[in-house]
Every structure is written in structure tokens, then in C-alpha cells.
Amino acid sequence: KNQVEQSPQSLIILEGKNCTLQCNYTVSPFSNLRWYKQDTGRGPVSLTIMTFSENTKSNGRYTATLDADTKQSSLHITASQLSDSASYICVVSATDFNKFYFGSGTKLNVKP
Amino acid sequence: EAQVTQNPRYLITVTGKKLTVTCSQNMNHEYMSWYRQDPGLGLRQIYYSMNVEVTDKGDVPEGYKVSRKEKRNFPLILESPSPNQTSLYFCASSLGPRTEAFFGQGTRLTVV
């Protein structure tokens, strides 16, 4: 069964600290993996996208890693800001299915 | 500006009264999809469309209909809404099922 699991469900950190969010998937055959940021009540916005051959991709203070062998990805946020408070969603695509598989997200709260 | 536009943003309706949520994109994308988002469940796909006149069921299609008569529009129809369809709905579009998806602002539907 194709699934995407994220951990932790929620996370509280202090402004300026770093954090890492995890995504494990069983989607096969794997096509690509994306991380999205979703502010409360708004549509998700893409942060990074990685294919099978890529193991690191950065977007400013966001760095995503992918280990296609263990089917794990992480999103590292450096020097967090209050505006990073949001849900972060891992989305995986398979090569032979016309759909996306969504994780349930990690809710990050950055406190001053 | 490239965007996906949903209307209305907020809707309160009564059980059984047919309604339509519109979705329009200006990026000439072929792939469009509808999702609902409920607390603790993440985004779940309702229907998707690979191109004009080509639609298919997602994970939770019961109680919903869609149509794709034009490339830019992908309305979501609830023929007889029920309270369990109270949710936050998102429309998304992309070049294909494995490329970056662009999401609308969301429609918060309440069925009483």
C-alpha cells in the first residue's frame, strides 16, 4: 500500500533554532518527493522537489534530503523565524499512478 | 500572475441543497485535482482530471461530481451535500501528475 508518514506530528521550537522534520514513504515505483509549506487556512506552497537521483535540495533556509534506498526524506530548517510557523507536508508521486500521496503533515510552531 | 482561483472562499449551506465550487487556472495546466482537508487526516484527493473530458476518482469521491469541459476550469459539484462534507477544500493544477502542483486559496464549506 502506498503511504507517506511524517513525524513528528507537531513541534515547538524557539526562534533562531534549527529543526528537522521527517518523512518516510512506501510509494513505489518512486517518481519524486516534494515538501510543501501550508500556512493556516491557505493552500500549500511548494518548497523543494527531488527526483530519485537527487539527495539534497535547498531553498533558502530550507534544505531537503532524500535517501531513496531507505525511502526517507527530511526537511531541515535553519535559523527558524516566526514566519516559519506552519504545517509542512511531504508529497510523493509514483511513476505509474496519476496521483499524489500526501503525508498528514508536521505542524511547526516557532515561538519568540 | 499565475494562479489557481477558487470561489467561493467560504460557504454555509443546508443539507441537500446542491452547490458548486468553481476552480479556474491561468497556467494552461493539463492536470487538475480537488482535495479535502480535515483535521488529523491531511489532504485527501477527491477527483482529478488529466485533461479536458478526462476525469477519474481519487481516494474519497463519494458524494462529489466534477466536470472538465474546458482546460482552465474544473468545478466541484455536491449534488446533495451532507454534514460529513463539511471541510476545507482545495483545488490544484499542474503540468502533469508528477510536477509541481499549484493550489488555490481554499474553500471552507459548512453543511448544516
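Residues numbered from 1 in each chain as written. Chains lettered and ligands numbered in written order. Predicted model: local features only at pLDDT ≥ 70, side-chain atom pairs only at ≥ 80, totals over all residues. Heavy atoms only, no water.

A.B. asks: Teacher, can you tell me more about unusual backbone geometry here?
C.D. replies: With the exception of glycine, the majority of residues adopt a negative phi angle, and the majority of peptide bonds are in the trans configuration. Cis geometry is adopted by the peptide bond preceding A:Pro8, which originates at A:Ser7 and carries an omega value of -10°. Its place among the elements puts A:Pro8 in the loop between β1 (4-7) and β2 (10-14). Following B:Asn7, the chain continues to B:Pro8 via a peptide bond in cis, the omega torsion being -5°. Here B:Pro8 lies in the loop between β1 (4-7) and β2 (10-13). Although it is not a glycine, A:Ala79 adopts a positive phi angle of roughly 50°. (Helix = DSSP H or I, 4+ residues; strand = E, 2+ residues; numbered from the N terminus.)

A.B. asks: I tried to follow the pattern of salt bridges on my own but got confused; where do I start?
C.D. replies: Working definition: two side chains of opposite charge can pair if their charged atoms are close together. Residues and elements named next belong to chain B. Within the structure shown, the criterion is met by 7 salt bridges over all chains. The partner of Arg44 in a salt bridge is Asp38, with the nearest N and O atoms 2.7 Å apart. With a shortest N-O distance of 2.9 Å, Glu79 and Lys65 are connected by a salt bridge. Taken together, the positions of Glu79 in the loop between β8 (76-78) and β9 (87-94) and Lys65 in strand β7 (residues 65-66) put the pair 14 residues apart, joining distant regions of the chain. On the basis of relative accessible area, Glu79 is assigned to the partly exposed category, the value being 35%. (Salt bridge = Lys/Arg side-chain N within 4 Å of Asp/Glu carboxyl O. Buried < 20%, exposed > 50% of the residue type's maximum accessible area, 1.4 Å probe, protein only.)

A.B. asks: Teacher, can you tell me more about the nonpolar core here?
C.D. replies: It is characteristic of soluble globular proteins that their nonpolar side chains tend to be buried jointly. A:Val4, A:Tyr25, A:Leu33, A:Trp35, A:Leu75, A:Tyr88 and A:Val92 are the most contacted members of the largest nonpolar core, which totals 26 residues. Of all the elements in the fold, those that place two or more residues in this core are β3 (19-25), β4 (30-38), β5 (45-51), β7 (62-67), β8 (72-77), β9 (86-94) and β11 (106-111) of chain A. Look past the residues within four positions of A:Leu33 in its chain and what remains in contact with it is A:Cys23, A:Tyr25, A:Thr48, A:Ile49, A:Met50, A:Leu66, A:Ser73, A:Cys90, A:Val91 and A:Val92. Residues B:Leu19, B:Cys23, B:Tyr64 and B:Val111 belong to the second largest nonpolar core, which totals 19 residues. (Core = buried A, V, L, I, M, F, W, Y, C linked by side-chain atoms within 4.5 Å. Contact = heavy atoms within 4.5 Å.)

A.B. asks: What am I meant to see in the environment of B:Ser80 here?
C.D. replies: Residues and elements named next belong to chain B. Take Ser80: it is sitting in the loop between β8 and β9. Spatially, the C-alpha atoms of Ser80 and Lys18 are 5.3 Å apart, while their sequence positions differ by 62 residues. With residues up to four places along the chain from it excluded, the contact list for Ser80 reads Gly16 and Gln85.

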